[in-house]
There are 4 protein chains.
Amino acid sequence: MQQQKTKTHWRVRLHEIIYEADTPSGKFFDVVLLITILFSIVLVMLESINSFDLKYHKFIYISEWVITILFTIEYITRIITVKKPWKYIKSFYGVIDLLSTIPMYLSFIFAGTNMLIALRALRLLRVFRILKLARYLGASQHLSKALKASKAKISVFLFAVMIACIIFGTLMYMVEGEENGFTNIPKSVYWCIVTLTTVGFGDIAPVTPLGQFIAAVIMIMGYGIIAVPTGIVTAEYTSATKKDDSKVLEPVEIDMNTQSCQNCNAEKHKDDANYCYQCGNNLHYD
Amino acid sequence: MQQQKTKTHWRVRLHEIIYEADTPSGKFFDVVLLITILFSIVLVMLESINSFDLKYHKFIYISEWVITILFTIEYITRIITVKKPWKYIKSFYGVIDLLSTIPMYLSFIFAGTNMLIALRALRLLRVFRILKLARYLGASQHLSKALKASKAKISVFLFAVMIACIIFGTLMYMVEGEENGFTNIPKSVYWCIVTLTTVGFGDIAPVTPLGQFIAAVIMIMGYGIIAVPTGIVTAEYTSATKKDDSKVLEPVEIDMNTQSCQNCNAEKHKDDANYCYQCGNNLHYD
Amino acid sequence: MQQQKTKTHWRVRLHEIIYEADTPSGKFFDVVLLITILFSIVLVMLESINSFDLKYHKFIYISEWVITILFTIEYITRIITVKKPWKYIKSFYGVIDLLSTIPMYLSFIFAGTNMLIALRALRLLRVFRILKLARYLGASQHLSKALKASKAKISVFLFAVMIACIIFGTLMYMVEGEENGFTNIPKSVYWCIVTLTTVGFGDIAPVTPLGQFIAAVIMIMGYGIIAVPTGIVTAEYTSATKKDDSKVLEPVEIDMNTQSCQNCNAEKHKDDANYCYQCGNNLHYD
Amino acid sequence: MQQQKTKTHWRVRLHEIIYEADTPSGKFFDVVLLITILFSIVLVMLESINSFDLKYHKFIYISEWVITILFTIEYITRIITVKKPWKYIKSFYGVIDLLSTIPMYLSFIFAGTNMLIALRALRLLRVFRILKLARYLGASQHLSKALKASKAKISVFLFAVMIACIIFGTLMYMVEGEENGFTNIPKSVYWCIVTLTTVGFGDIAPVTPLGQFIAAVIMIMGYGIIAVPTGIVTAEYTSATKKDDSKVLEPVEIDMNTQSCQNCNAEKHKDDANYCYQCGNNLHYD
């Protein structure tokens, strides 16, 4: 055991730097990573602006490759330093990390795949880890708990809304007809969704008096309907907050750190934890 | 009694297949039915797209008739296998089933009635029965209870909104006039509803400074007013959930099945029920 | 006293018919009145449609005068039969009744004043009296209590929103300039209100990248801000409902009738009341 | 001490007039100040309207200078009469007061800076002080407490929304392309924000069927998502109100006055306070 520990020492050090944000070097790595991600997203955005692309095409192209190589190195290191690589590869962040890395390689084979780089935006979610804000984590836990509890109810609701949109869409297609922009039923259903959600682009708008009357009915319906998901989420969120209040007196007071177990990748250990609360792995090596 | 039971045995079997989703054959029937409904809705949508209709007109026409015949058979079987046919025919699903079946027959007499097929979308509501999700049924029960309790209040509210729309619509007609798109009062009222519900198509928009000022007042009003139905539904939904919590400890735990009584069509029997809780009819035959 | 009663008997009878909806004749009067109001509003709407006005101008003109004369008679009778005419004349309904009657007379002097007829819509609020729906009255009482309690908070909120609109409007005027539709600051502020309330007509829309960025900030602000009035109304409405629940066990059970006291016009007497709860006047004459 | 008091007597008097709204002269000063601010904002608005500026350019120019000089005198007096000038200068109102004063001076050096005058709108927030409405102050305290408590949660939420907008924006850019108005990714992201917040200008709208399908998904998402901040604010506001209710029985009953301590600028003293509750400075001089 002692021997194995010294042997894997560099892997342990790297794991600490890459996966955690508690040590100075770990924090430094994460900040650099986030800046690189942000820079790469800005690059893709600028590349899509023609006037900018014409001027700085070479600079963008080279930067893109530098970032891709950096991400490749990072991805491989992540696999090496973790004890159960497959678990990481199949995890949410594992898939995102892979998809953020491969676009430039794929661009040799398929054109346009470098747009996948936009998925790098999802990597920015790591920012919450760096900020070491248990407060933010707690906040999002309440949110996700409320959203999870609302899921079934909101599904029922959205299903009913979809059926209403199909029926009203077909109705509007019959009333307004192709000459007023309602060229076919799918487009009519699209218009109905645009109206019911109170977005109202105005690219298609009813012209006939009857069509405008039906539109008014749909809008007032949408006005009343918008209250339903809000009501559900509010009620669930209130109850999620209350349950939390009654269980733990001061949930924010518990200091969680950003370490992840090298064995099972479990996160949200208490700050003074010595062993992983999921697999019992020792969290400290030195 | 024994004799009558054997005589109606095939009706009982058919009833179980058509009206219930607990047996393998019943579930299979319902899944096939839903796929047919979905397919028929997609057909109507595609038919409305000119380029698609030109190419595949014959295919769509034949499929439409096949589906219509299948629905006709299903509708007749439903009437035969139920003990009180009139109760089914006059029920919500009975009317929808009829309206979903007749459009193609009516198209011999009237043009354009095959658009009624869109009403088939309502048949999709049966999906909740198949999924056997007591959880979803419970969810929609909370919802409908909250909406029922809010009905009177929201009616008062919508009535007041309608009156405001008539008054502001007339005002805008006088201020903006016909040259700015407010061609008559009904159109002006339509614009007012579009604005108050925050849809805002932009097909009609105020041009004069005074008109824009009144529009701003309407919008800020609408902004405040949207809070009212949301507040009502939220309050009712919260209290509906609370009352339910205090009555039954774990409402989801009660296993309801999807059987409907052959005698009175009552649904939501407990999974281990032997007799209908409404008419006392024996639910099991074999 | 006995003598005076017989003398004013016809006034008492008329008061009962006009102001109350409990007796058959009173209910009949109110229903006829509401139908007349509705008919007169529809008339004004149709008059504004050119093609309709050309055909039926004479019919509309005569109907308008018939209705005006009927309303004049009703207004005078209301004044005669009430004990304190000035109280009625200065009341909300008194003013509305007058304004609904005079437009045709004023049209001799000023052109276009017959548009005031739209104010007749406000008379429709009497519908709640006829329907004798204590339930609806209770509902609107909860609503108005919640809205009254929210008034101060929503004023503070709207005041802050207005200041934000002035600042952002000026900013957009400077960024976008006159060539992109932001021709002056008031128009810019109007656009800002359109955007913040999520109406979004699209008659004016930012074109420059910087303008679009500021617009995005305003929209996300508006998205968060819309939560505030909703939150306030919901919280107040919930507490208004709760207080009511704890005071009266079944507030709907109390039967209020639609009588109004002949002496002081007070409404909402209990169904078995003999004397006015405000001035002690005897409510029954026969 | 006695000597110093008489020496600074005029400063004390001025401080009372400028910083407080309890004495008649103090109230008069504040009302005049607010009217001047309002007048100056209206002036800038009118100046931006070309037809108006051509006619009254001279009048506007002179008025602008008169107001600027008045504000300069006021600003200097504020600095002189306060005991700790730097604390005022660096405070929120101090910065706003400076920025409201300098634009005309800056216009000698830079063109267009007189637009900064719009910032004067922020000075209008002082209106709450004049109205001496402890009720309003209490209302905004509840609001700001609820908003402060929601901050962390709404940040998490907005961060997730931003990431979704970047990903969906890039997707729409790829699907719709430059020929349909989605000329580059930043513009696409802007469109996505416009759609998700249900503003829906319609200056850019999807044309291809696939683009309209994705737009429908974004809209329904936005419809569900709008429930989240509303739910959070409502829950926090309800709990903020409840906590307040349990602590103080009648929070509105406490009379706060509008005095600010001459020493430390602390506000919201109780009406009968003799010494500043923050620095112990004597609040009364005479």
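Residues numbered from 1 in each chain as written. Chains lettered and ligands numbered in written order. Predicted model: local features only at pLDDT ≥ 70, side-chain atom pairs only at ≥ 80, totals over all residues. Heavy atoms only, no water.

- Chain A is annotated in an unreviewed UniProt entry as Ion transporter from Winogradskyella maritima.

## Some points on the overall build of chain A
Then, number 1: Helix and strand counts for chain A come out as 13 helices and zero strands.
Then, number 2: In chain A, the succession of α and β elements from N to C terminus is α-α-α-α-α-α-α-α-α-α-α-α-α.
Then, number 3: Here chain A, with 286 residues, has 51% of them falling under the buried criterion.
Then, number 4: Partitioning the contacts of chain A with sequence separation of at least 6, the portion at a separation of at least 24 is 57%.
Then, number 5: When the accessible area of chain A is evaluated, it comes to approximately 13,900 Å², of which 67% is carbon and sulfur surface. (Helix = DSSP H or I, 4+ residues; strand = E, 2+ residues; numbered from the N terminus. Buried < 20%, exposed > 50% of the residue type's maximum accessible area, 1.4 Å probe, protein only. Contact = heavy atoms within 4.5 Å. Areas by Shrake-Rupley, 256 points an atom, 1.4 Å probe, with all protein chains shown as cover.)

## Here we look at the packing of helix α4 (residues 50-81) of chain A against helix α6 (residues 92-101) of chain A
All names here are of chain A.
Then, number 1: At a closest axis distance of 9 Å, the pairing of α4 and α6 adopts a crossing angle of 150°. Relative to α6, the element α4 is oriented roughly antiparallel. As α4 packs across α6, the resulting crossing turns out to be left-handed. On α6, the residues touching Thr 68, Phe 71, Thr 72, Tyr 75 and Arg 78 of α4 are Gly 94, Asp 97, Leu 98, Ser 100 and Thr 101.
Then, number 2: Within the contact of α4 with α6, the residues separate by chemical class into three nonpolar, five polar and two charged. (Axes fitted to C-alpha atoms, helices over the stretch in contact; angles between N-to-C directions. Parallel < 35°, antiparallel > 145°, perpendicular 65-115°, else oblique. Left-handed = near helix turned anticlockwise from the far one by under 90°. Nonpolar A, V, L, I, M, F, W, Y, C, P; charged D, E, K, R; others polar.)

## Describing the relation of the copies chain A and chain B
Then, number 1: Of the two same-sequence chains, chain A is brought onto chain B (RMSD 0.1 Å, axial shift 0.0 Å) by a rotation of 90°. In symmetry terms, the pair is related by a four-fold rotation axis. (Least-squares fit on C-alpha atoms with pLDDT ≥ 70 in both.)

## Description of the packing of helix α11 (residues 185-196) of chain A against helix α12 (residues 209-225) of chain D
Then, number 1: Where α11 of chain A meets α12 of chain D, the axes come as close as 10 Å, and the angle between the chain directions of the two elements is 25°. By the angle class used here, α11 of chain A and α12 of chain D are roughly parallel. Here α11 of chain A and α12 of chain D pass one another in a crossing that is left-handed. Residues Lys 187, Tyr 190, Ile 193, Val 194 and Leu 196 of chain A of α11 of chain A form the contact with α12 of chain D, whose own contacting residues are Gln 212, Ala 215, Ala 216, Met 219, Ile 220 and Tyr 223 of chain D.
Then, number 2: By residue class, the composition of the contact of α11 of chain A with α12 of chain D is nine nonpolar, one polar and one charged.

## Let's talk about the pattern of salt bridges
All names here are of chain A.
Then, number 1: On inspection of all chains with the given rule, the structure shows eight salt bridges over all chains.
Then, number 2: For Arg 78, the salt bridge is made with Asp 97, and the minimal N-O distance between the two is 3.8 Å. Of the two residues, Arg 78 sits in helix α4 while Asp 97 sits in helix α6, which places them 19 residues apart along the sequence.
Then, number 3: For Arg 78, a relative accessible area of 1% puts it in the buried group.
Then, number 4: Each of Glu 74, Arg 78 and Asp 97 takes part in one network of salt bridges that share partners. (Salt bridge = Lys/Arg side-chain N within 4 Å of Asp/Glu carboxyl O.)

## Observations regarding the UniProt feature "transmembrane region" (unreviewed entry) in chain A
Then, number 1: When the UniProt feature table is mapped to this numbering, "transmembrane region" (unreviewed entry) covers residues 28-47, 59-82, 102-122, 154-175 and 213-233 of chain A.
Then, number 2: A helix fraction of 100% and a strand fraction of 0% characterise residues 28-47 of chain A, whose end C-alpha atoms lie 28 Å from each other. (UniProt positions renumbered as here; feature names shortened; annotations may be inferred.)

## Digging into the nonpolar core
Buried together is how nonpolar side chains tend to be arranged in soluble globular proteins.
Then, number 1: One finds Trp 191 of chain A, Trp 191 of chain B, Trp 191 of chain C together with Trp 191 of chain D to be the most contacted residues of the largest nonpolar core, which totals 213 residues.
Then, number 2: Other than its neighbours up to four places away in sequence, Trp 191 of chain C contacts Met 172, Phe 182, Ile 204, Ala 205, Pro 206, Ala 215 and Ile 218 of chain C together with Phe 201 of chain D. (Core = buried A, V, L, I, M, F, W, Y, C linked by side-chain atoms within 4.5 Å.)

## Focus on the interface of chain A and chain B
Then, number 1: Taken together, the contact pairs 44 residues of chain A with 46 residues of chain B.
Then, number 2: Between chain A and chain B, roughly 3,800 Å² of surface is buried when both sides are summed, and carbon and sulfur atoms account for 79% of that area.
Then, number 3: On the surface where chain A and chain B come into contact, there are zero salt bridges.
Then, number 4: Taken together, the connections running from chain A to chain B amount to two residue pairs in polar contact (both at pLDDT 80 or more).
Then, number 5: Going through the elements one at a time, α10 (134-176), α11, α12 (209-225) and α13 (227-247) of chain A are the ones with two or more residues in the side of chain A that touches chain B.
Then, number 6: Considering each element in turn, the side of chain A that touches chain B owes the most residues, 12 residues, to α10 of chain A.
Then, number 7: Residues that form the side of chain A that touches chain B fall into these classes: 28 nonpolar, 12 polar and four charged. (Buried area = accessible area lost by both parts, 1.4 Å probe. Polar contact = N/O pair within 3.5 Å; in protein donor to acceptor, adjacent residues only side chain to side chain.)

## Examining the confidence of the model for chain A
Residue and element names in this part refer to chain A.
Then, number 1: Averaged over every residue, the pLDDT of chain A is 76; the share at 70 or more is 72%.
Then, number 2: Across chain A, element-level confidence peaks in α11 with a mean pLDDT of 92 and bottoms out in helix α1 (residues 2-7) with 50.
Then, number 3: Contacts from residues 246-255, a stretch scored under 50 in pLDDT, to residues over four places away or in other chains number eight contacts.
Then, number 4: Taken together, the chains of this predicted complex give a pTM of 0.80 and an interface ipTM of 0.77. (pLDDT = per-residue confidence, 0-100.)

## Section: the packing of aromatic side chains
Then, number 1: According to the stated counting rule, one finds 24 aromatic pairs over all chains in the structure shown.
Then, number 2: Pairing Phe 52 of chain C with Tyr 56 of chain C gives two aromatic rings, centres 4.7 Å apart and planes at 40°, and the pair type is tilted. Of this pair, Phe 52 of chain C and Tyr 56 of chain C are both found in helix α4 (residues 50-81), four residues apart, which corresponds to roughly one turn of the helix.
Then, number 3: The partly exposed category is assigned to Phe 52 of chain C, whose relative accessible area is 26%.
Then, number 4: Connected via pairs of aromatic rings, a cluster forms that spans Phe 182 and Trp 191 of chain A together with Phe 201 of chain B. (Phe/Tyr/Trp six-rings, centres within 6.5 Å; stacked < 30°, edge-to-face > 60°.)

## Quick notes on helix α11 (residues 185-196) of chain C
All names here are of chain C.
Then, number 1: The end-to-end C-alpha separation of α11 is 16 Å, in line with the 16 Å expected for 12 residues at 1.5 Å each.
Then, number 2: Burial analysis of α11 places 10 of its 12 residues in the buried class, the great majority of the element.
Then, number 3: Among all positions in α11, only Ile 185, Ser 188, Val 189, Tyr 190, Trp 191, Cys 192, Ile 193, Val 194, Thr 195 and Leu 196 are buried.
Then, number 4: Here α11 starts with a cap whose side-chain oxygen sits 3.0 Å from the backbone nitrogen of Lys 187, and that cap is Asn 184.
Then, number 5: Phi turns positive, to about 60°, at Thr 198, one or two residues after α11. (Expected span 1.5 Å × (residues − 1).)

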